[in-house]
Amino acid sequence: MKIYNTLSRTKEEFIPIEPGKVRMYVCGPTVYNLIHIGNARPMIFFDTVRRYFEYKGYEVNYVSNFTDVDDKIIKRALEEGVDSSVISERYILECKKDMEGMDVRPATTHPKATEEIGGMIDMIRTLIEKGFAYEVNGTVYFRVRRFKGYGKLSGKNLDELESGNRTLLVTGEEEKEDPMDFVLWKPKKEGEPFWESPWGQGRPGWHIECSVMSKKYLGEEIDIHGGGEDLIFPHHENEIAQSEACSGRLFSHYWMHNAFLNINNVKMSKSLGNFLLVRDISKQYDLSVLRFFMLSAHYRSPLNFSPELMEAAKNGLDRIHTAMQRLKDESGKGCTGEESPEEKEAVQAFVARFEAAMDDDFNTADAISVIFEMVKYANTLKPEEVSEAAWEDVRNTLLKLADILGIKEPEAELLDADIEALIAERQAARKAKNYARADEIRKMLAEQGILLEDTRDGVKWKRA
Ligand code: AMP
Ligand code: ZN
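Residues numbered from 1 in each chain as written. Chains lettered and ligands numbered in written order. Predicted model: local features only at pLDDT ≥ 70, side-chain atom pairs only at ≥ 80, totals over all residues. Heavy atoms only, no water.

**Structural notes on the coordination of the zinc ion (ligand 2)**
In ideal tetrahedral geometry, four donors around a metal make angles of 109.5 degrees, whereas ideal octahedral geometry with six donors gives angles of 90 or 180 degrees.
Then comes step 1: For the zinc ion (ligand 2), the full set of protein donor atoms is Cys27 (SG), Cys210 (SG), His235 (NE2) and Glu239 (OE), and the range of their distances to it is 2.0 to 2.8 Å.
Then comes step 2: Coordination at the zinc ion (ligand 2) is irregular: its four donor atoms span angles of 70 to 128° at the metal. (Donors = N, O, S within 2.8 Å, 3.2 Å for Na, K, Ca; no water. Tetrahedral: all angles 85-135°; square planar, octahedral: opposite > 155°, others 65-115°.)

This is the structure:
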């Protein structure tokens, strides 16, 4: 398996630290608003990476954080007159809903920065002890020039950075030993959340959180660190400096960065205001279409959002779903007998080509082409002309490969009679005071898009 490593700027063979295991950390969102479809790109892509490793038999420990302390969260909290945890908790919940809609599986662990402050203080203390950090008036800075490898990820040269930074120096930062030094801990300001520390009350800088959470949940050395390419500098460069200065070991063996999701060829971002929320898209499309759209391009190529491309993604996905539906409906109608070696070979050839695409730095665009070819092949089969074994092999293999990309067999729609039977069961459960079962039924129906309304004339329902 080959992975393009931003660190070496080449495709490298993937060799895990521990055979059969993958330790992967992906920087998660700052939770002060609903996520936009640019934020969705790394979520969808790295979820696919994880699924492919699992398909290959790896055990994946996948960690992705929520940044729940940050200037923007604090600003929003002040605007609404609530505690910043109210804002972050609200948007973590909303983000999880969007992830579920896009079929992004929960990570093994989703740590929150505010719950890891102790670890951050410990790491900052170690950095000070080792001479990599210093405190001035309650602020702790990382001493960039002390870390010899600084710039190795972004390819930036310290002297160029230095001249750029001199002009960018903001007020209050004159106390830094060097304009390039970055903040590890900052003193509290009125009205902001704060924690006690050896340097007074304050809060951590952004970069330190990922170094600490990655170390705590995955260890000092990890296989893969990912995120969008805007994070290469300074965030990931600073993470490397902190982690490697602290442990003396290589932090992450592979660095993977997705390119931007653009709109009118400009990066989609909250600050530019040119964003579309995942929630907006969900009003028009099932989010499986958004997922399919994202994977239709290679992750290192910029992807320009357009309504036409979304429509094309919808049509493509429909084609796959239709084939899956037919394979399901006609299942069991085949003739008896074995799958012939030629039939087996045809299916295996699709598997080999799909794997070759994914093994080549997760080329999901090519993997989707293979799925389309397999769909074309499946559509030529007639149940009465092939054995049941051959039919099932095509069906199961297609489902297995498509699942890596998050494409699922369409769910059977509930019939009106089934819905009414479930509603009757729910009423009976309520009468028997079995509220757990009654809620379970309501939830089950909601997941199928059936909404219940309790009225005086009984329960009414509608399809969402
Ligand atoms: P943020 O909440 O801005 O820290 O972003 C969370 C994640 O989304 C990071 O991995 C970013 O690199 C990524 N991201 C943000 N905007 C885009 C975009 N327009 N295209 C691709 N990735 C993005
Ligand atoms: Zn990070």
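Structure shown, so let's carry the discussion forward.
**As for the pairing of strand β10 (residues 252-258)**
A regular strand places its side chains on the two faces of the sheet in alternate fashion.
Then comes step 1: Of all seven residues in β10, six are buried, a share of seventy percent or more.
Then comes step 2: Of the pairings in the sheet, the one linking strand β9 (residues 222-228) to β10 comprises six bridges and is parallel in character. Considered in β10, the bridge of His225 is made with Trp255.
Then comes step 3: Considered for its hand, the β-α-β crossover made up of β9, helix α7 (residues 232-247) and β10 is right-handed. (Buried < 20%, exposed > 50% of the residue type's maximum accessible area, 1.4 Å probe, protein only. Helix = DSSP H or I, 4+ residues; strand = E, 2+ residues; numbered from the N terminus. Pairing = 2+ DSSP bridges. Right-handed = clockwise from strand over helix to strand, strands pointing away.)

**Describing the site of ligand 1**
Then comes step 1: Taken together, 18 residues form the shell around ligand 1, and within it Thr30, Gly228, Asp230, Leu261 and Met268 come nearest.
Then comes step 2: In the model, a nitrogen atom of ligand 1 is placed 3.2 Å from a nitrogen or oxygen of the Gly38 main chain.
Then comes step 3: The separation between an oxygen atom of ligand 1 and a polar side-chain atom of Asn39 is 3.3 Å.
Then comes step 4: With the chains in place, 90% of the 490 Å² that ligand 1 exposes on its own is no longer accessible. (Near = heavy atom within 4 Å. Polar contact = N/O pair within 3.5 Å; in protein donor to acceptor, adjacent residues only side chain to side chain. Areas by Shrake-Rupley, 256 points an atom, 1.4 Å probe, with all protein chains shown as cover.)

**Concerning the sheet that holds strand β6 (residues 139-142)**
The strands that make up a sheet pair up through hydrogen bonds in the backbone, lying either parallel or antiparallel.
Then comes step 1: Within the open sheet, the four strands sit side by side as β5-β6-β7-β8. Their pairing is antiparallel. The open sheet has two edge strands, β5 (133-136) and β8 (202-204), and neither has a second partner. Between one strand axis and the next, the sheet turns by 20° as a mean value, whatever way the strands run.
Then comes step 2: Alignment of β5 against β6, held across four bridges, turns out to be antiparallel. The residue of β6 that forms the bridge with Ala133 is Phe142.
Then comes step 3: The strands touched by helix α4 (residues 117-129) within the sheet are β5, β6, β7 (182-187) and β8, with β7 carrying the most contacts at an inclination of about 120°. (Axes fitted to C-alpha atoms, helices over the stretch in contact; angles between N-to-C directions. Contact = heavy atoms within 4.5 Å.)

**Description of the environment of Ser8**
Then comes step 1: Summarising the element assignment, Ser8 is placed in the loop between β1 (2-5) and β2 (10-13).
Then comes step 2: When its relative accessible area of 32% is taken as the criterion, Ser8 is described as partly exposed.
Then comes step 3: Here the alpha-carbon distance between Ser8 and Leu153, two residues 145 residues apart in the chain, equals 8.0 Å.
Then comes step 4: Polar contacts involving the side chain of Ser8 include one to the side chain of Glu12, which spans 2.4 Å.

**Observations concerning the packing of helix α11 (residues 341-359) against helix α13 (residues 388-405)**
Then comes step 1: The interhelical angle for the contact between α11 and α13, taken along N-to-C directions, is 10°, at an axis separation of 9 Å. Comparing the axis directions of α11 and α13 gives the class roughly parallel. Where α11 abuts α13, its residues Glu343, Lys344, Val347, Phe350, Val351, Phe354 and Met358 lie against Ala390, Asp393, Val394, Thr397, Leu401, Ile404 and Leu405.
Then comes step 2: Tallied by class, residues from the contact of α11 with α13 come to 10 nonpolar, one polar and three charged. (Parallel < 35°, antiparallel > 145°, perpendicular 65-115°, else oblique. Nonpolar A, V, L, I, M, F, W, Y, C, P; charged D, E, K, R; others polar.)

**Re the packing of helix α9 (residues 287-295) against helix α10 (residues 307-329)**
Then comes step 1: Where α9 meets α10, the axes come as close as 9 Å, and the angle between the chain directions of the two elements is 105°. The orientation of α9 relative to α10 falls into the category roughly perpendicular. Together, Ser288, Val289, Leu290, Phe292 and Phe293 of α9 and Leu309, Met310, Ala313, Lys314, Gly316, Leu317 and Ile320 of α10 make up the contact between the two elements.
Then comes step 2: Taken together, the residues that form the contact of α9 with α10 break down as nine nonpolar, two polar and one charged.

**Concerning the state of the cysteines**
Then comes step 1: Tallied over the entire structure, the rule returns zero disulfides.
Then comes step 2: A disulfide-free cysteine, Cys95 has its sulfur positioned 14 Å from the sulfur of Cys27, the nearest such atom. (Disulfide = S-S within 2.5 Å.)

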